[in-house]
Structure formats: structure tokens, C-alpha cells
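Now for the letters of each chain:
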Amino acid sequence: MFERRDEQLVSKALKGDRKAWFALIKRYEQPIYQYGIRMTGNTHDAADLMQDIFVSVFKSLANYRHEGAFKGWLFKIAHYRCMEFYRRKRPQQSLDECPEQESEEEAPETGILSNESSKQVLSAMQKLPIAQKAVVELKFFHHFTFEEIAQQLGLSSNTVKSRLYSALSRLKLDLEVENA
Amino acid sequence: MRNPEYESLISKWLENKLTTEESLRFDQLCLEDEIFAQRVANASRFTLAADQFEQLPLPEWNKEATFFETNAQPRWWQRQWMPMASMAMSVVAMVMVLSGFQVQMTDGKMTLGFDRGPDEKEINQLVAKRLDEYKESNQLLLTQYMDAMAKQQQENGAQLTQYLLSSSRQERREDFAELVKFINQQRTDDQRFYARQINDLEQEIEAIGSTYSGLSRPLETSHE
């Protein structure tokens, strides 16, 4: 079946076409929800974040300049909304450097996953600092290039590579422990 | 500890952009550098785990709340061309005013043009028309002035006549009064004259009487 391009759907949605907007949502709600689960560690926050992201995307649709893929622009907004989510949650904590605090309350909802490997990945990701977690998420789960990630996060390409490298060292330890 | 070479190699490896030389270096490091090898292994494992990550079903969520009517197509009078059209029309109107644009309707024909001022014939006609108007107005003023003068002269004549009549009448009255006064004066003088003469006469008579008193009884006379 013929599928309209994202840009066409955006143009129609801007003209008030509800169908086009809901087609866009249908196309991206699953990746955004999974992004929310891995970034927040639980389904409730992920659902809230997804709602927040799509509201923000709709409000910003007129600012979409068709420079680059819509998916990249969508995840750029998703990243900003996610950072905002963390700021609201922990206003005193730096988003760049401080790792996630481990606690019983903050433990990820690994029980919702049936796959053991997925549980390990989710658990390992929650122990990364948010800045590194965002790079890992975009690289491994959404397969963006380093240039695209740098553009989305407003960083240099080298900083993104450095963050991924650092994240790999932390993930390595965690995965080894989890696999032990 | 940051190692730009390691970061670059792993980054390129993840995006399949390693050159032949970089591939050789990458393989060498995997064999010789345990830490690098572990990171590469971990990246491989994580890539695989990510691809197999369990997709949780979507919850029921309020998609309708993400759509706002504010993004709807504006009505025709709210579209962006309206301000532009308004501005363009304003500019056209200003140009028409400043350039003296004229629309003339003559015998059912409409003529559009720009006002470049009247020609010589029109100027002459205009001057002649103005002169005629000036003459007419002057003529009218002169007539009015003459009428006013005549009227004023008539009034002055009437006043003079009235004055003369009244003054001559008074003079005559005064003359008669003088005459009567003179006559009265004359009469008074006459009476005095006659009274004096009568007195003189009386005195003479008395004198005569006294002369003859001895002779006879005195003559009795009375004067009022």
C-alpha cells in the first residue's frame, strides 16, 4: 500500500488535516514510546513523555523546515522534552554528568519485560548518566549517525563519540555483572 | 580516560566506515588491547540486544489531545495574502493620489489618465472666465455703490430742505417777535412821550391855572 512521506503528512497536518496528523502519530508512537521506556525506566512516565512529545511536536510543526528527515527532527524534540522531564523530576541534578541514582523506588520496571536480554539492557541503561543514555538510545536503537545525533542533541560530533565510548565502558561493566 | 583514536575507531566501526588501514588497526587493537576489545565486544552485544529489544504494547493514550484546531487552515480573510494585498492596495492608492490619477466620464466613455496640468487653451479659457467673473463682480459692486450714493444724496437733500424750512420758519418767528417787541417798545416810548407831553401840558395848564387862580377858581383835571 502506498504510504505518504512524512513531509507530505506534516504539510497536511499543518493545514488542519486530522487524518494526516494521526497517520504521523501511528507511524511514530511505537518508537517514541519505546524511547520513553528506555529513557525513563517505566511505562507510566514513558506514556506521559509520549503525550508530551507529540503535543510539543504538533505545536512546533510550523517550525519544521524540511531540512533533514522528519524522524530526526521528531527525536530532537523528544530529547528536549525528555530533558525537561528529568529537570522536573530532579531539579537539583546536573543532566550531563551525574549518573542515575539507584534506589528501590527508581528501579526500572524490568518486570514488564519478558525477554531477559531486554531486561538487562533496560536495567543497564538506567545506570547511565542521562547524557550518555541519550546517545546510546539514539545510536543503538534508532541507528542515527553520529552527525545526526550531534545535530539533535546540539553537540559536536566528537562529544557524541566520546559520550558513547564512555557509555560503552559503563555498559560493559554492568552487562558483565548482569551476565555473570 | 579519553582516547580519541579509540573513540574514532569504534565510532567508524559502528557505522561501517573503517578504511582498510583503520580496519587493520582496529583488528590489531582488538587483539592487543583488552579494554578496547571489551568495549568492542560490549558494543556488539549491545547492538544485538537493542535489535532484539522487546517491544511493549502501546497503552491507551489520548491522541486527540495532541491535535489543536489552531493549526487549521485559516479562513480566506485570515490568510497571509490579505495583509499583503491590503498593503499593495494602499501603495496603489498613494501613487494615484500623488501622481494625480484622474478618471473622467464623458459621454459614457471612461478615460483614465494622470494629471499633467492644463494646456494653453485651457489656461486662456480659465483666465477669460476669471476675468469675466472679476468684471461682473466689479460691475455689481459699482452699481451697489452708486445706488447707495444716490440714496444717501437724496436723504441729504431732504434733510437740508427740512433744515432750511425749519430754520426760515424760526427766523420769521423771531423776526415777528422782534417786530412786535419793537412795536411794543415804540408804543411804550410813545406812551412815555405822550405822558411827558401830557405832563408838560399839565404843568403848563397848571401854570396857566395858577395864573388865573386869582381870577377864578382853579381848573380841576385828573390824569390816569
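Quick note: structure is the one above.
First, a word on what this report is: a plain description of the structure on this page.

Quick notes on the rules
Residues numbered from 1 in each chain as written. Chains lettered and ligands numbered in written order. Predicted model: local features only at pLDDT ≥ 70, side-chain atom pairs only at ≥ 80, totals over all residues. Helix = DSSP H or I, 4+ residues; strand = E, 2+ residues; numbered from the N terminus. Buried ≥ 20, exposed ≤ 12 C-beta atoms within 10 Å, placed from the backbone. Contact = placed C-beta atoms within 7 Å. Expected span 1.5 Å × (residues − 1). Core = buried A, V, L, I, M, F, W, Y, C linked by C-beta atoms within 7 Å. Domains from an automatic or database assignment. Pairing = 2+ DSSP bridges.

**Quick notes on the overall build of chain A**
Of the regular secondary structure elements, chain A holds 8 helices and 0 strands. Mapped in sequence order, the helices and strands of chain A form the string α-α-α-α-α-α-α-α. Relative to its full complement of 180 residues, chain A shows a buried share of 40%. Pairs at least 24 residues apart make up 61% of the contacts formed inside chain A by residues separated by at least 6 positions.

**Section: the overall build of chain B**
Secondary structure assignment for chain B yields 5 helices and 2 strands. Mapped in sequence order, the helices and strands of chain B form the string α-α-α-α-β-β-α. Sequence-distant contacts in chain B: of pairs separated by 6 or more residues, those separated by 24 or more amount to 17%.

**Some details on the interface of chain A and chain B**
On the chain B side, the residues contacting the 42 residues of chain A number 34 residues. Contributions of two or more residues to the side of chain A that touches chain B are made by helix H1 (6-14), helix H2 (18-40), helix H3 (43-60), helix H5 (116-126), helix H6 (130-141) and helix H8 (157-179) of chain A.

**What to know about H6(A)**
All names here are of chain A. Spanning 12 residues, H6 covers 15 Å between terminal C-alpha atoms, matching the ideal 16 Å at 1.5 Å per step. Buried residues dominate H6, accounting for 12 of its 12 residues. Taken together, the buried positions of H6 are Ile-130, Ala-131, Gln-132, Lys-133, Ala-134, Val-135, Val-136, Glu-137, Leu-138, Lys-139, Phe-140 and Phe-141. Just downstream of H6, His-143 is the residue with a positive phi angle, here 55°.

**Quick look at the nonpolar core**
A general tendency of soluble globular proteins is for nonpolar side chains to be buried together. All names here are of chain A. If you look at the biggest cluster of nonpolar residues, it comprises 60 residues, and the most contacted ones within it are Ile-53, Ala-78 and Val-135. If one sorts the elements of this core by residue count, H2 sits on top with 9 residues. Three or more residues apiece are contributed to this core by two domains, here domain 1 (1-112) and domain 2 (115-180). Discounting residues that sit within four places of it in the chain, Ile-53 has contacts with Ile-32, Ile-77, Ala-78 and Arg-81.

**Observations concerning the pairing of strand E2 (residues 109-114) of chain B**
All names here are of chain B. With 0 of 6 residues buried, E2 is to be regarded as a mostly surface element. Pairing analysis gives 6 bridges linking strand E1 (residues 101-106) to E2, with the strands arranged antiparallel. Residue pairing in the sheet places Gln-102 in a bridge with Gly-113 of E2. Turn length for the E1-E2 hairpin, with the two strands adjacent in sequence and antiparallel, is 2 residues, and the turn residue Asp-107 shows positive phi of about 50°.

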